[in-house]
Amino acid sequence: MVIKCILKGRLDSKDRLTVTIRVTNGNVRKFKSTRIKVRADQFTNGKVVNHPQARHLNKILSKKLGEVKRLQDIPVDEDTLTSFYKYAWHCISLWSIKGTKKETTINQYLSKLRVLESWYPELDIEDIDKQWCENLHIKLITEKLNNNTIWNYFKTISLILNKAIDDDIIKRNEVKHYKEKPAYKDPNRAYLTKKQIIALEQYAAIASPNRRIATLWFLIGCYTGLRHSDMISFDKNKNIIDDRLVKELVKTRNMVSLPIRGKIKQLFEAVQWQPLRVQNRPYNLLLKKIAQDCGIEQNIPCHTSRHSAGMMLAEAGVSIELTAAILGHTDTKHTRVYYHLTNKRVDEEIGRIID
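Cut-offs and rules
- Residues numbered from 1 in each chain as written.
- Predicted model: local features only at pLDDT ≥ 70, side-chain atom pairs only at ≥ 80, totals over all residues.
- Heavy atoms only, no water.
- Helix = DSSP H or I, 4+ residues; strand = E, 2+ residues; numbered from the N terminus.
- Contact = heavy atoms within 4.5 Å.
- Areas by Shrake-Rupley, 256 points an atom, 1.4 Å probe, with all protein chains shown as cover.
- Lys, Arg positive; Asp, Glu negative; His and termini not counted.
- Charge placed at Lys NZ, Arg CZ, Asp CG, Glu CD.
- Pairing = 2+ DSSP bridges.
- Core = buried A, V, L, I, M, F, W, Y, C linked by side-chain atoms within 4.5 Å.
- Buried < 20%, exposed > 50% of the residue type's maximum accessible area, 1.4 Å probe, protein only.
- Salt bridge = Lys/Arg side-chain N within 4 Å of Asp/Glu carboxyl O.
- Phe/Tyr/Trp six-rings, centres within 6.5 Å; stacked < 30°, edge-to-face > 60°.
- Axes fitted to C-alpha atoms, helices over the stretch in contact; angles between N-to-C directions.
- Left-handed = near helix turned anticlockwise from the far one by under 90°.
- Nonpolar A, V, L, I, M, F, W, Y, C, P; charged D, E, K, R; others polar.
- Polar contact = N/O pair within 3.5 Å; in protein donor to acceptor, adjacent residues only side chain to side chain.
- Patch = residues over 30% accessible without salt bridge, like charges linked within 9 Å, V, L, I, M, F, W, Y side chains within 5 Å.

Engineer: With reference to specific residues and values, describe the overall build of the protein chain.
Structural biologist: Check the secondary structure of the protein chain and you find 14 helices and eight strands. A fraction of 54% describes how many contacts in the protein chain between residues 6 or more apart in sequence connect residues 24 or more apart. Looking at the protein chain as shown, the accessible area adds up to about 20600 Å², and 49% of this sits on carbon and sulfur atoms. Side-chain charges of the protein chain comprise 61 positive and 39 negative groups, with the mean position of each set lying 7 Å from the other.

Shown next, in the form of C-alpha cells:
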C-alpha cells in the first residue's frame, strides 16, 4: 500500500490545483481531497514549497496523511479490543473503507477522538462507566461547551460502545444509560425578513467594491441556499449548465439544480459569475459590519443566508419535499424546522389580532 500527496483536479481561476491524498492498494486507488490549493510550481515531492504559508500547509498535510494512514485496515489484536482509542480507530477505519459513513461524519468523529485522547491518554473500553461519564460531563462543562456539543461527544462515544456490544467486547453501554447527559436541542435558526433582504439589496448598490461583492454573495445564498463552501467553490464553467445552477454541495455531496433567471441571474451577473474569494471567518466579520451599515441589529453570519432561503421557501408555500431538494437535504427532518418557525410566526401575527 502506497499513500502520497499529489496535485489533482482542474485549475482554478488562480491556476491552482488541489492537493489530494492518493492511496494505492494493488490495482485499487482511492483519493481524499485536503482542500489545500497551490500552483504546480509550489508543490514538489509531496510537499508545498515556495509558498508564503508553506510551513503551515505542510503541517496540515502531515496531519492529514497520518490520519489517512491510521484509517487504513487496522489489524484487530488483543490490545485493539481493550483500548478505547485503538478500537475506535478500528471502527472508523471500517466505516471509512466501506463508505458507510460520510466523510464529514468521519471527520467529526476524528475531531472528538483527538480531543478525548488529549484529556484521557490511557482509556480502556471497560473504564467507561457511570463515574467516568460524570467526570467527562464535568470536564465538558468546564470547557464551556454548549449542550449540543456535549451531546455530540456522548453520542460519538456511545456509537463506538454500541459497536463493541455487537462485537461481544462489552455487555452494556454505560453512556447510553447515563441519564445526566443533555438532550439534543434543535438550534434556533436565525434568518432575515424580506424587509431586511431588501435593505441588503439597496446597500449593495452603494457599497464599496469589497462589501458589495460580499453582500451580493450573501443575497445569492438567500435565494439559492448555498453554503459558504459552495460559494467559494463555484465555477461557472462547471456549475452553470443550460441556464441552471447545477452543483454538488461540498458538505453533503448532494446535487442541487436550480433555474438561473430573474433575481438569481441578476445577482450572478453582478458578481460577474466569479466565486466568493473570502474565507469563512473574515467573511462573517465583514457581514457583521455590513449588517451594522444596513441597520440590521442581529448578527448575520454567512449561514444566515441559507436559513433565510429555507424560511422564504416555507413562507411562500413551497412543499417541504421541494424545499428539501432545493437546499440539498437528504431528509426532510432537517427542513421541517423552517415550517415550524413559519407556523410560530403565523400564530404570533394572528395573536395580535384576536387576543
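Engineer: Break down the sheet that holds strand 7 (residues 244-248) for me, citing the residues and quoting the values.
Structural biologist: For sheets, the rule is that strands pair by backbone hydrogen bonds, running either parallel or antiparallel. Spatially, 6-7-8 is the arrangement adopted by the three strands of the open sheet, whose pairing is antiparallel. The two strands at the open ends of the sheet, each matched to only one other strand, are strand 6 (240-241) and strand 8 (255-259). Pairing analysis gives five bridges linking strand 7 to strand 8, with the strands arranged antiparallel. By the bridge assignment for strand 8, E248 is matched with M255.

Engineer: Help me get a handle on the nonpolar core, residues and values and all.
Structural biologist: Of all hydrophobic cores here, the largest spans 38 residues; its most connected members are L200, W217, F218, L245, F268, Y283 and I290. Those elements that provide at least two residues to this core are helix 6 (194-204), helix 7 (209-224), strand 8, helix 10 (262-270) and helix 11 (280-293). Here this core takes seven residues from helix 7, the largest share from any one element. In this structure L200 touches L192, T215, F218, L219, I290, C294 and I296, once residues within four positions along its chain are discounted. Of all hydrophobic cores here, the second largest spans 31 residues; its members include C91, L136, I160 and L161.

Engineer: Outline the pattern of salt bridges, supporting the account with residue identities and numerical values.
Structural biologist: Going through the model one piece at a time under the given rule, you end up with eight salt bridges. For the salt bridge of R172 with E174, the shortest nitrogen-to-oxygen distance reads 3.1 Å. The partly exposed category is assigned to R172, whose relative accessible area is 45%. Between D230 and K247 there is a salt bridge whose closest N-O contact spans 3.7 Å. Here D230 is found in helix 8 (residues 228-232), whereas its partner K247 is found in strand 7, with 17 residues between them in sequence. As far as the burial class goes, D230 and K247 line up, both buried.

Engineer: Outline the packing of aromatic side chains, listing residues and values.
Structural biologist: Using the criterion set out here, one finds ten aromatic pairs in the structure. The interplanar angle of 25° and the centroid separation of 6.1 Å between the aromatic rings of W119 and Y153 together place this pair among those described as stacked. Of this pair, W119 sits in helix 3 (residues 103-119) while Y153 sits in helix 5 (residues 147-166), and the two are 34 residues apart along the sequence. Residue W119 is classed as partly exposed on the basis of its relative accessible area, which comes to 22%. For Y153, a relative accessible area of 7% translates into the label buried. Between the aromatic rings of W151 and Y184, the centroid separation amounts to 4.8 Å while the plane-to-plane angle is 50°, which identifies the pairing as tilted. Of this pair, W151 sits in helix 5 while Y184 is found in the loop between helix 5 and helix 6, placing the two residues 33 residues apart along the sequence. The class for W151 is partly exposed, based on a relative accessible area of 24%.

Engineer: A description of the environment of Y191 should follow, citing residues and the corresponding values.
Structural biologist: For Y191, the location among the structural elements is in the loop between helix 5 and helix 6. In this structure the C-alpha to C-alpha distance between Y191 and H303, which are 112 residues apart in sequence, comes to 8.9 Å.

Engineer: Go over the packing of helix 6 against helix 7 with me, naming the residues and quoting the values.
Structural biologist: Two numbers describe a pair of packed helices, the interaxial angle and the distance between the axes. In contact at an axis separation of 9 Å, helix 6 and helix 7 are set at 145° when each is read in the N-to-C sense. For the element pair helix 6 and helix 7, the recorded crossing hand is left-handed. Residues K194, I197, L200, E201, Y203 and A204 of helix 6 form the contact with helix 7, whose participating residues are R211, R212, T215, L216, F218, L219, C222 and Y223. Within the contact of helix 6 with helix 7, the residues separate by chemical class into nine nonpolar, one polar and four charged.

Engineer: Kindly report on the side chain of H137, identifying the contributing residues and their values.
Structural biologist: In this structure, H137 sits in helix 4 (residues 130-142). The class for H137 is buried, based on a relative accessible area of 12%. Reaching out from H137, the side chain makes a polar contact with the side chain of Y178 at a distance of 3.0 Å. The contacts of H137, once residues within four sequence positions are left out, are I150, F154, Y178, E180, K181 and P182.

Engineer: How would you sum up a negative patch on the surface? Please name residues and give values.
Structural biologist: On the surface, a cluster of negative charge is contributed by E122, D124, E126, D127 and D129. Secondary-structure assignment places E122 in the loop between helix 3 and helix 4. Judged by its relative accessible area of 73%, E122 falls in the exposed class.

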